[in-house]
Amino acid sequence: ERIEELTRLNESLSRSGEDDKTKIAGLERDLREAREMERQMRSAHYAELVEANDAAEDLMEGIKTQIKLLKKQLEQKELEISELQDEKESERIELENKLEDATRMLATALKSKSGKGFGKSKKVP
């Protein structure tokens, strides 16, 4: 009877040991799967970060290009403004010269008239 009891206990422990081994194997498999999932998630997260970084770099390059284009446009506008200012200054100088010429001509005409007796009071003899 004692032998049968020990045999049953041994079988029970063997089954229990096998169950424990199965549980351990399952837990080890679960741990490997969890580690693999974590690695994949990290890899996917890294890929997302790389993609986001690339997109940000592309955006920055686009902005830099726009800035360069706007600077060139600004320089062109400043050049046009400078040319217009020069043109207006030339026109102003030309008009001032014409005014001076007209003033001289008027002064000359007035002197010429006054020299011929125009505008002078006549002397009575």
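Here, every reference points to the structure presented above.
Residues numbered from 1 in each chain as written. Predicted model: local features only at pLDDT ≥ 70, side-chain atom pairs only at ≥ 80, totals over all residues. Heavy atoms only, no water.

(A) Geometry of the overall build of the protein chain. Regarding its fold elements, the protein chain presents one helix and zero strands. Its C-alpha radius of gyration of 53 Å places the protein chain more than 25% over the 14 Å reference for a compact globule of 125 residues. Dimensions of the protein chain, computed from the C-alpha atoms along their principal axes, are close to 185 × 20 × 5 Å. By the burial criterion, 1% of the 125 residues in the protein chain qualify as buried. Per element, the accessible surface of the protein chain, about 12200 Å² overall, is 58% carbon and sulfur. Across the protein chain, the 25 positively charged side chains and the 30 negatively charged ones have centroids separated by 18 Å. (Helix = DSSP H or I, 4+ residues; strand = E, 2+ residues; numbered from the N terminus. Rg over C-alpha atoms; globule rule 2.2 N^0.38 Å. Buried < 20%, exposed > 50% of the residue type's maximum accessible area, 1.4 Å probe, protein only. Areas by Shrake-Rupley, 256 points an atom, 1.4 Å probe, with all protein chains shown as cover. Lys, Arg positive; Asp, Glu negative; His and termini not counted. Charge placed at Lys NZ, Arg CZ, Asp CG, Glu CD.)

(B) Quick peek at the pattern of salt bridges. This structure, assessed with the given rule, holds 10 salt bridges. Two residues, K64 and E61, come together in a salt bridge whose shortest N-O distance is 3.7 Å. Of this pair, K64 and E61 are both found in helix α1 (residues 2-115), three residues apart, which corresponds to roughly one turn of the helix. The partner of E80 in a salt bridge is K77, with the nearest N and O atoms 3.8 Å apart. Here E80 pairs with K77, and both are found in helix α1, just three residues apart, close to one helical turn. What you see here is one network of salt bridges that share partners, running through E89, R92 and E96. (Salt bridge = Lys/Arg side-chain N within 4 Å of Asp/Glu carboxyl O.)

(C) Geometry of a negative patch on the surface. On the surface, E48, E51, D54, E57 and D58 cluster together to form a negatively charged patch. For E48, the location among the structural elements is in helix α1. (Patch = residues over 30% accessible without salt bridge, like charges linked within 9 Å, V, L, I, M, F, W, Y side chains within 5 Å.)

(D) The arrangement of a nonpolar patch on the surface in detail. Among the surface-exposed residues, L6, L9 and L13 lie close enough to one another that they form a single nonpolar patch of about 280 Å² accessible area. Within the element layout of this structure, L6 appears in helix α1.

Interpretation in functional terms is not warranted from these geometric data alone.
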